[in-house]
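Fold and geometry: a report
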Amino acid sequence: MSKSLKARIGPSILNADLSKLYEESLKLLSNGADYLHLDVMDGHFVPNLTFGHPVVKCLRSKIKEAFFETHMMVSKPEQWIAPMADAGVDQYTFHIEPITNVEEVCRKIKENGMMVGLAIKPGTPVSTVEKYISLADMVLIMTVEPGFGGQKFMEDQMEKVKYLREHYPLLNIEVDGGVGPSTIGYCANAGANMIVSGTAVIGSEDQGATIKLLRDTVEDAIAKR
Ligand code: DX5
Ligand code: ZN
């Protein structure tokens, strides 16, 4: 049994009622969310826009304790490191596809006091991120094309998760996109331990029960390793 790998559930508020971002976030946390996954989109790296550091900073001013991860779906991840650190972000997860200076970006994130997450899209081979793993606190394997909530889970991405878990037993591996009660089994068995879930948690009648089910499934899989 793994000693330090932890199951952690981080709901995405993307498909929540964003006019009530604070209330929706509090509700998720009181229902057992381990962290908040905040989807930042720039309309360039992905064909959608969400929010940026001013909104994250406002949310942080009212929610002091929770762990904030920003999922940066942006073409220039370097540009937002300092503003996001200032906004109170704990982990800065960015896509490596649009840039060539991944090491430098990782270094700057750490210098700004945040943890580093490296994300890849479904079409990006796992070998592309593998070379940077020693610089990262977490790797995010996208299970949909980034840009929108509510898409269908891509089971074929589990090969990447399995590969990473086999080679890096204690690496934090996150999955994001189409994850909910009907797909968590694939993620847990493949070896993911950090679970982003948007629509399935937000739209659920009983958020607490859904979050618990996700966590229990991952904990069971970790215990069997
Ligand atoms: C997609 C985002 C995801 C997404 C999750 O680009 O990164 O975080 O909103 O939502 P669901 O779980 O609905 O796919
Ligand atoms: Zn996301």
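Heads up: these notes are all about the structure in this document. For clarity, every value in this text was computed on a predicted model and none was experimentally measured. (Residues numbered from 1 in each chain as written. Chains lettered and ligands numbered in written order. Predicted model: local features only at pLDDT ≥ 70, side-chain atom pairs only at ≥ 80, totals over all residues. Heavy atoms only, no water.)

**Thoughts on the packing of helix H1 (residues 21-30) against helix H2 (residues 53-62)**
Stated formally: Axes here mean lines fitted to C-alpha atoms, for a helix over just the part in contact, with angles spanning 0 to 180 degrees between N-to-C directions. Helix numbering and strand numbering both begin at the N terminus, where a helix is a DSSP run of H or I of at least 4 residues and a strand a DSSP run of E of at least 2. These descriptions rest on fixed angle ranges, namely under 35 degrees for roughly parallel, over 145 for roughly antiparallel, 65 to 115 for roughly perpendicular, and the rest for oblique. Crossing chirality is assigned from the near helix's rotation relative to the far helix, an anticlockwise turn below a right angle marking it left-handed and a clockwise turn marking it right-handed. Contacts: residue pairs with any heavy atoms within 4.5 Å of one another.
Closest axis-to-axis distance for the H1/H2 pair is 10 Å, and the angle between their directions is 55°. Our classification of the angle between H1 and H2 gives oblique. H2 is crossed by H1, and the crossing has right-handed handedness. Contact residues: Leu21, Tyr22 and Ser25 in H1; Val55, Leu59 and Lys62 in H2.

**What about the coordination of the zinc ion (ligand 2)?**
Six octahedral donors at a metal ideally form angles of 90 or 180 degrees, and four tetrahedral donors ideally form angles of 109.5 degrees. For the record, the criterion: Metal sites are built from N, O and S donor atoms within 2.8 Å, or 3.2 Å for Na, K and Ca, and they leave out water, so they may look incomplete. Here a site with four donors is tetrahedral if all angles are between 85 and 135 degrees, and a site with four or six donors is square planar or octahedral if opposite donors are over 155 degrees apart and the other angles are between 65 and 115; anything else gets the irregular label. Only protein chains enter the area calculation, which uses a 1.4 Å probe; residues under 20% of their type maximum are buried, those over 50% are exposed, and those in between are partly exposed.
For the zinc ion (ligand 2), the full set of protein donor atoms is His37 (NE2), Asp39 (OD), His71 (ND1) and Asp176 (OD), and the range of their distances to it is 2.0 to 2.2 Å. Its six donor atoms give the zinc ion (ligand 2) angles of 73 to 174° at the centre, a pattern that matches the octahedral case. Positions of the donor residues of the zinc ion (ligand 2), expressed as sequence spacing, correspond to H-x1-D-x31-H-x104-D. For the residue pair His37 and Asp39, the accessibility class agrees, reading buried in each case.

**Quick notes on the layout of surface pockets**
Spelled out, the test is: Grid spacing is 1 Å over the protein atoms alone, the probe is 1.4 Å, and a cavity is where that probe fits but cannot get out, while a pocket is an open set with protein on both sides within 12 Å along at least five of seven lines and lining residues have an atom within 4 Å of a point. Grid points are joined across faces, edges and corners, and a volume is the space filled by probe spheres set on the points. Note on residue categories: nonpolar means Ala, Val, Leu, Ile, Met, Phe, Trp, Tyr, Cys or Pro, charged means Asp, Glu, Lys or Arg, and polar means any other residue, Gly included.
The computed volume of the largest pocket comes to approximately 230 Å³. Lining the largest pocket are 24 residues; nearest its centre among them are Phe148, Gly149, Gly150, Asp176 and Gly177. Elements with a contribution of two residues or more to the lining of the largest pocket: strand E2 (35-41), strand E3 (67-73), strand E8 (194-197) and helix H8 (199-202). Taken together, the residues of the lining of the largest pocket break down into ten nonpolar, twelve polar and two charged.

**With respect to the pattern of salt bridges**
Oppositely charged side chains may form a pair once their charged atoms are brought near each other. To be explicit about the condition: Salt bridges are defined as contacts in which a side-chain nitrogen from Lys or Arg sits within 4 Å of a carboxyl oxygen from Asp or Glu.
With the rule as written, the count across this model stands at nine salt bridges. A salt bridge links Lys20 to Asp17; the shortest N-O distance between them is 3.7 Å. With relative accessibility at 43%, the residue Lys20 sits in the partly exposed group. Across the salt bridge formed by Asp34 and Arg215, the nearest N and O atoms sit 3.1 Å from each other. Of this pair, Asp34 sits in the loop between H1 and E2 while Arg215 sits in helix H9 (residues 207-224), and the two are 181 residues apart along the sequence.

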